[in-house]
Amino acid sequence: MSLYTDYLAEIETRKEQGLSPKPIDAGDLVAELIDLIKDAENDAREDALNFFIYNTLPGTTSAAGVKAEFLKEIILGAAQVAEISAEFAFELLSHMKGGPSVRVLLDLALGDDASVAQPAAEVLKTQVFLYEADTDRLEEAYKAGNAIAKELLESYAKAEFFTKLPEVEEEIKVVTYIAGIGDISTDLLSPGAEAHSRADRELHGKCMCSPEDQVAIQELQKQHPDARVMLIAEKGTMGVGSSRMSGVNNVALWTGKKASPYVPFINIAPVVAGTNGISPIFLTTVGVTGGIGIDLDNWVKKTDADGNVVVDEDGEAVLEEAYSVATGTVLTINTKTRTLQDADGNVLKDVSAAFTPQKVEFMKAGGSYAVVFGKKLQTFAAAALGQELKSAYAASKEVSVEGQGLTAVEKIFNRNALGTTPGATLHAGSDVRVKVNVVGSQDTTGPMTAQELEAMAATVISPSVDVGYQSGCHTASVWDKKAQANIPKLMKFMNDFGLITARDPKGEYHSMTDVIHKVLNDITVDDWDIIVGGDSHTRMSKGVAFGADSGTVALALATGEAAMPIPESVKVTFKGQMADHMDFRDVVHATQAQMLKQHGDNVFQGRVIEVHIGTLLADQAFTFTDWTAEMKAKASVCISNDDTLVGSLELAKSRIQVMIDKGMENAAGTLQGLLDKADERIAEIQSGAKTALTPDANAKYFAEVVVDLGEIVEPMIADPDVNNDDVSKRYTHDTIRPVSYYNADKKVDLGFVGSCMVHKGDMKIVAQMLKNLEKVNGKVEFNAPLVVAAPTYNIIDELKEEGDWEILQRYSGFTFDDMFPKTQARTEYENILYLERPGCNLCMGNQEKAAKGDTVLATSTRLFQGRVVGDLPEKKGESLLASTPVVVLSAILGRTPTLEEYKAAVEGIDLTKFAPPLQVPADTKSAHF
């Protein structure tokens, strides 16, 4: 019983950490448990029985397969276990969510033993996770005249698996808990530094917020046993930043409801809220678990007697409290009137947006997956019976405005819509199922995606998906024991599932730790594509891309679909001329600043930014779309000129060919299929049959922003403003300052050039600046460390060919070596240049970090508290964001530069330039192509 002995040893180790036994996913261990259960005299029998019943993971895990077969033996009388009757065995199968359990239930329901066929059928009527192998088998049995098969199909056609579920309760009592003031990043709920533990839900739950918060939540639960704890971002937005299923899982673990009595540490239905609502990606994730997300609006702008907004001495609007949600406040959510009420029944807020028919269905079904699969199953059953589909689900909202044109994202959604009214043209606000073309999974949420796929009984990628890609970038910096334990297992699972994987499980090609967003940007080869990826920075310069939680990624991989409303769009155009000494990153920062100046509020939040940036190729345009995640936008769409789009597609083809040459192609010929698709798209554009995506002239936008390039006269820095007296204004991306604000005396402790925000041109800028400064000063001395991490190996290969890599290496005190990768994270930095392995590096914050209390100037996107740099008691860590030349010069100086120092340092350097697209497509190609 070696496996069981090992398991007991692990249990003792976990006890020391205050943890319960780890849920079992291995079939060979379950087989040993069964042997112990069968041995009536064995002292370990009782524990083995409890592990078998309550601690074995469902779905398609090997453990579930062994468990389902043993339960089948019990039902058929081939095995006897006093504690597990046939009825109880059926109940256990009903909680196993598909895969082996459905196969066993079909064996029993369609078999010759009438005494078990009907009970099996009754359980099957409650199941929704059926795949083609299951439904094909059911349909064949029906055609052969099997009465049980007919009964099952009739039940499915009525969607009794959904209609017979209890309705959402009319009144939901909640007690408030303020988790933070201002925007709450998902890093607070699921820190990047703890990414390695996300698949171990109980262990990972220990990192949510703080131990003090966890105790306070438990105390509230004791004081209010009839209420659910509502986690709140006071004066801010809940769940900004990365897309974290693990964050929602943690909130549900501490405040939600147990999904099944037989599955440990999987909770659902959390209640979260924010003064400024919920971040779009996080809200989607809440829906995955059947949770509730409330937009509180409990702080409003103060107005005077004439209705004018009152401002403070800094010109900022003064806020006043409309109603209190202080920790411990008892409130009631009425799901019928869709209102938030105080303890006396007074209506505080209309919360209809949280209780749309679709969201209520998620709550009733226990999550969005069950609804997606339920719709699919009902549709199948009706077709198999030859009946008209009478959907049990709320009709998808279809908004069609006669005479109104389409924005770019509306066009993409209409092109990829599934199951909509034939001939209907849909506008923003419509609920749409759409085909997903490209799906990306990254390596710190990937283990959870694998778990989700197992839980929904999926075994192979949907054939309708053009490509799925599993990255290795989030764990690229340090090949430590955690990475060594998790990543090969993940890569094998995803490779077997049908994805292209960064690492080859067989070790036949060199690992590619390229940043996932960069890879997805290359393997998206159609501007009409829809992309879903397990990271908030899934923002492509072709098509429309949505960052998503690990569960939504799993659903897209398994079904090739996603469901969401068509978002509203904000149109961004440009005028004026970009100054020679400015870099395009400054245009990105200026867009946020000028938008706030023009509109007062962040009109980007929750919407699609349609950016008319067509003269920049994919690599450079990606700098803008990537940043839109920090603008709290739902997504971004680039409007590209025909010639530029063709150039971007040719570049993508060359990089896909590199992947093929490395040996990353799979048996399905996925990468070759992308090359063929790119060739087809190029031919369409060049022939005029289907030109580059553009909106209609009479499209309707929520707002329009015009960025004046002429106003951008000095480099811009996004500042976390860590010492702002108003806590709610710290760590947002709304504080954009010119470099002169710092008077050349802002000390910089570390510079970082890397992450998905940089491209090949940025690496060339670093090399050229070093050459220029050496020419002027004789040598280059760093007064602060400079960490440089190219986002992809392709970039390094091209830099080597062009001579720039040799320059960087000459100045480097450390250069990564893939033959001997670092096994420990760097804790101290010298004042030298570090050439780190391609990947996320400091931006991710889960492996490498700056020293606590440092002021970091970076090209990345992350200025959240504790992400790139932690705090000291006497000094907060700061992550300021700027262009590559500003970062490099600041590391050399050890401080922010003057405008004059900056201009001198970049003179003659080919910075990333941008000119607004002309009405007639220009022939101009972007720099660095």
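Structure shown above.
Residues numbered from 1 in each chain as written. Predicted model: local features only at pLDDT ≥ 70, side-chain atom pairs only at ≥ 80, totals over all residues. Heavy atoms only, no water.

**Q** How would you sum up the environment of Ala 697? Please name residues and give values.
**A** Relative to the helices and strands, Ala 697 is located in the loop between α26 (670-687) and β25 (703-708). Separated by 292 residues in the primary sequence, Ala 697 and Gly 405 place their C-alpha atoms 6.9 Å from one another. (Helix = DSSP H or I, 4+ residues; strand = E, 2+ residues; numbered from the N terminus.)

**Q** Explain the sheet that holds β25 residue by residue, including any values.
**A** In any sheet, the strands associate via hydrogen bonds between backbone groups, in a parallel or an antiparallel arrangement. Strand order in this open sheet of 4 strands is β24-β23-β22-β25, and the pairing throughout is parallel. Looking at strand neighbours, the two that pair on one side only are β24 (635-640) and β25, the edges of this open sheet. Strand-to-strand, the axes of this sheet are offset by a mean angle of 25°, without reference to chain direction. Pairing of strand β22 (residues 569-575) with β25, which is carried by 6 bridges, proceeds in the parallel orientation. Residue pairing across strands places Val 570 opposite Ala 703, the latter belonging to β25. Running over the sheet, helix α24 (residues 618-627) touches β22, β23 (608-614) and β24 and is turned about 160° from β23. (Pairing = 2+ DSSP bridges. Axes fitted to C-alpha atoms, helices over the stretch in contact; angles between N-to-C directions. Contact = heavy atoms within 4.5 Å.)

**Q** Tell me about the sheet that holds strand β18 (residues 500-501), residues and numbers included.
**A** Pairing is parallel across the open sheet formed by 5 strands, whose spatial order is β18-β17-β16-β19-β20. The two strands at the open ends of the sheet, each matched to only one other strand, are β18 and β20 (544-547). Bridge count between strand β16 (residues 438-441) and strand β19 (residues 530-533): 3 bridges; the pairing is parallel. Within β19, the position partnered with Gly 440 by the bridge is Gly 533. On top of the sheet, helix α21 (residues 516-523) reaches β16, β17 (467-470) and β19; it is set at about 165° to β16, its chief contact.

**Q** For helix α18 (residues 408-416), give the residues involved together with the corresponding values.
**A** Here α18 lies mainly inside the structure; 7 of its 9 residues are buried. Buried residues of α18: Ala 408, Val 409, Glu 410, Lys 411, Ile 412, Phe 413 and Asn 416, and no others. (Buried < 20%, exposed > 50% of the residue type's maximum accessible area, 1.4 Å probe, protein only.)

**Q** Just give me the short version of the environment of Met 757, but keep the residues and values in it.
**A** By secondary structure assignment, the location of Met 757 is in the loop between β28 (750-753) and α27 (760-777). When the C-alpha atoms of Met 757 and Phe 624 are compared, they prove to be 8.4 Å apart, with 133 residues separating the residues in sequence. Not counting residues within four places of it along the chain, the set of residues in contact with Met 757 comprises Arg 585, Thr 623, Asp 626, Trp 627, Asp 762, Thr 859, Ser 860 and Thr 861.

**Q** Summarise the packing of aromatic side chains; cite the residues concerned and give the values.
**A** Scanning the model with the defined rule gives 19 aromatic pairs in all. When the ring of Phe 574 is compared with that of Phe 624, the centres are 6.4 Å apart and the planes differ by 85°; the resulting orientation is edge-to-face. Linking Phe 574 in strand β22 with Phe 624 in helix α24, this pair joins segments that are 50 residues apart in sequence. Residues Phe 574 and Phe 624 agree in their burial class; the two are buried. For the pair Tyr 741 and Tyr 742, a centre-to-centre distance of 5.1 Å together with 80° between the ring planes defines the contact as edge-to-face. The class of Tyr 741 is partly exposed, set by a relative accessible area of 46%. Every member of this aromatic cluster is reached through a ring pair, and the members are Phe 574, Phe 584, Phe 624 and Phe 914. Here Arg 607 stacks its cationic end above the ring of Phe 702, 3.4 Å away from the centre of that ring. (Phe/Tyr/Trp six-rings, centres within 6.5 Å; stacked < 30°, edge-to-face > 60°. Lys NZ or Arg CZ within 6 Å of the ring centre and 35° of its normal.)

**Q** Before we move on, can you summarise the pairing of β22 with the specific residues and values?
**A** On a regular strand, one side chain projects to one face of the sheet and the next to the other, so that they alternate. As judged from the 4 bridges shared by β22 and β23, these two strands associate in the parallel manner. Across the sheet, the residue bridging to Val 570 is Ile 609, located in β23. The handedness of the β22 to β23 crossover, carried by helix α23 (residues 584-599), is right-handed. (Right-handed = clockwise from strand over helix to strand, strands pointing away.)

**Q** Account for the packing of helix α25 (residues 642-662) against α26, with residues named and values stated.
**A** The interhelical angle for the contact between α25 and α26, taken along N-to-C directions, is 165°, at an axis separation of 10 Å. Between α25 and α26, the interaxial angle falls into the category roughly antiparallel. Handedness of the α25/α26 crossing: left-handed. From α25, Asp 642, Leu 645, Val 646, Leu 649, Glu 650, Lys 653, Ile 656, Gln 657, Met 659 and Ile 660 reach across to α26, where they touch Leu 671, Gln 672, Leu 674, Leu 675, Ala 678, Asp 679, Arg 681, Ile 682, Ile 685 and Gln 686. Here the contact of α25 with α26 is composed, by residue class, of 12 nonpolar, 3 polar and 5 charged. (Parallel < 35°, antiparallel > 145°, perpendicular 65-115°, else oblique. Left-handed = near helix turned anticlockwise from the far one by under 90°. Nonpolar A, V, L, I, M, F, W, Y, C, P; charged D, E, K, R; others polar.)

**Q** Residues and numbers for the packing of helix α6 (residues 100-109) against helix α8 (residues 132-143), please.
**A** At their nearest, the axes of α6 and α8 sit 10 Å apart, and the two run at 10° to each other. Between α6 and α8, the interaxial angle falls into the category roughly parallel. Side by side, α6 and α8 meet where Val 102, Arg 103, Leu 106 and Asp 107 of the first sit next to Asp 134, Arg 137 and Leu 138 of the second. Class assignment of the residues belonging to the contact of α6 with α8 gives a composition of 3 nonpolar, no polar and 4 charged.

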